[in-house]
Amino acid sequence: MAQINPSYKKLAAGYLFPEIARRTREFQAANPAADILRLGIGDTTEPLTPAVVAGLRAAVERQGGLEGYSGYGDSEGIPELREAIAREYQKRGTAVTASDIFVSDGAKPDSANIQSIFHAGSIVAVQDPAYPVYVDSNVIAGRTGEASGGCYNGLVYMPCTEKNGFFPALPDRKVDLIYICSPNNPTGAAATHPQLKHFVEYAISQRAIILFDSAYAIFIRDQSLPHSIYEVEGAEQCAIEISSFSKSAGFTGVRLGWTVVPDAVVAEETAPGEIKGLWTRRQNTFFNGASNIAQAGGVAALTDTGQAEMAGRVDFYMGNARIIRDGLDQIGVTAFGGDNAPYVWMRTPPGIDSWAFFDKLLSECHVVGTPGVGFGPRGEGYFRLSAFGHRENVEQAAERITSRLVL
Ligand code: MLT
């Protein structure tokens, strides 16, 4: 008789964002007149920029002609895009080359899949709170025990708190894989160079691997902060970086991301190049490459015009983040983030937990956000507001929060 992967049964609840969508739908059904504003999932709302649209259109036209038509491509991505991405890393003084870049259909699948090339017995450390994919993918892979008290046994949680500025201390025991997201989803905190250096030195000394998610790097305003872990000396020996066009170019629906696996990155008993070879093998087996049309859109996004347009979008969303922060300041709510990331991380009012605040915000203001506890136990007592939204909706949400929320 067929049996299912028993690890799926360990997963605590539904995936966070569908759960929010479900609760929102229920509220809407019970309150049909409510005009709900959504600052929950970090999903881009502004249209693709003209340079990207032109790039996509031209690619579609090519595919419609005998000469321009192409079928399967390299699962690593088209050379032009890999080179364009590598150039962005090189501009920041890193030694990343096009052959280190593996283009994909997004940072979420790569974040979930990357663990498959590591030993099933690897000890995994995550920031707490963290983007749920890091935890759930390792639960499914069988690297954890059962959940108890909001934590999975066997997983190492690195607390990110107000006290440590939402960047963790080193793990308190030996670990093999360390997930770091900077700028951080959900707290909005961006790691400094010394903070990342500390982790890189630790990883090299322990032969651990850092899985670094830089999907929000383009939102960094403070240019002294690293955009990539490879800006830290030695990181190429111990870090794999995952990133995305989703939030920068508005590709949440188009789907395009990449993973950087340098030759130098090594684990226990592997030679340089071996980990890169495993990721190549994994992608060749499970993946046929990102859409050639989406990749053309990525190339267009990285032209000078495309980048200027992306910068405009990023400024726009960061303007939204300011509006949200200002609104919360006005009513005396303590909030963080929104300076170098499109997420604002607020404390819930005393005595109100994250999910209770979700209900309160929805019923009093008709605004949807994300309960902090959905990102891990240290997210309890916090709530995330996303800066992705049309300007009038964000303004209206801030106005409702300041005028209607009962504190
Ligand atoms: C989020 O809201 O945390 C993200 O947008 C979800 C995602 O990128 O998958």
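Residues numbered from 1 in each chain as written. Predicted model: local features only at pLDDT ≥ 70, side-chain atom pairs only at ≥ 80, totals over all residues. Heavy atoms only, no water.

Structural notes on the packing of aromatic side chains
Where we set the bar: The criterion for an aromatic pair is that two Phe, Tyr or Trp rings (for Trp, the six-membered ring) have centres within 6.5 Å, with stacked assigned to planes under 30 degrees apart, edge-to-face to planes over 60 apart and tilted to the rest. Burial status follows relative accessibility: with a 1.4 Å probe on protein chains alone, a residue under 20% of its type maximum counts as buried, one over 50% as exposed, and anything between as partly exposed. To sit over a ring, a charge needs its Lys NZ or Arg CZ within 6 Å of the ring centre and within 35 degrees of the ring normal.
Scanning all chains against the criterion turns up 19 aromatic pairs. With centroids separated by 5.6 Å and ring planes inclined at 80°, the aromatic side chains of Tyr131 and Tyr134 adopt a geometry described as edge-to-face. Overall, the relative accessible area of 14% leaves Tyr131 in the buried class. Summarising the aromatic geometry, the rings of Phe316 and Tyr317 are spaced 5.6 Å apart at their centres and angled 75° between planes, so their arrangement reads as edge-to-face. Residue Phe316 is classed as partly exposed on the basis of its relative accessible area of 23%. On the basis of relative accessibility, which here comes to 2%, the residue Tyr317 falls in the buried class. Grouping aromatic residues by their ring pairs yields a cluster made of Phe17, Phe166, Phe336, Trp345, Phe375 and Tyr382. A cation over an aromatic ring shows up here: Arg82 above the ring of Phe102, its NZ or CZ 5.9 Å from the ring centre. Positioned over the ring face of Phe316 is Arg391, at 4.6 Å from the centre of the ring.

A short note on the domain arrangement of the protein chain
The cut-off we apply is this: In this document the domain limits rely on a domain assignment from an automatic tool or a database. We call two residues contacting when some pair of their heavy atoms lies within 4.5 Å. Values labelled buried area give the accessible surface lost by two parts on being combined, using a 1.4 Å probe and summing over both. Definition used for salt bridges: Asp or Glu carboxyl oxygen within 4 Å of a side-chain nitrogen of Lys or Arg. Polar contact is defined as a pair of N or O atoms within 3.5 Å, subject to the rule that within protein one atom must be able to donate a hydrogen and the other to accept it, and that residues adjacent in sequence are counted only when both atoms are side-chain atoms. Here a helix means four or more residues in a row that DSSP labels H or I, a strand means two or more in a row labelled E, and each is numbered from the N terminus.
Looking at the assigned domains, one finds that the protein chain contains domain 1 (9-47 + 306-404) and domain 2 (52-303). Placing a centre on the C-alpha atoms of domain 1 and another on those of domain 2 gives a separation of 25 Å. Taken together, the 34 residues of domain 1 in the interface contact 50 residues of domain 2. Roughly 3,400 Å² is buried in total at the junction of domain 1 and domain 2, and carbon and sulfur atoms are behind 58% of that figure. In terms of surface lost to domain 2, no three residues of domain 1 exceed Lys10, Asn340 and Arg378, which account for 21% of the buried area on that side. Taken together, the links from domain 1 to domain 2 amount to three salt bridges. For the pair domain 1 and domain 2, the interface holds 19 residue pairs in polar contact (both at pLDDT 80 or more). Only α11 (304-330), β11 (335-337), β12 (343-347) and β15 (382-386) provide two or more residues apiece to the side of domain 1 that touches domain 2.

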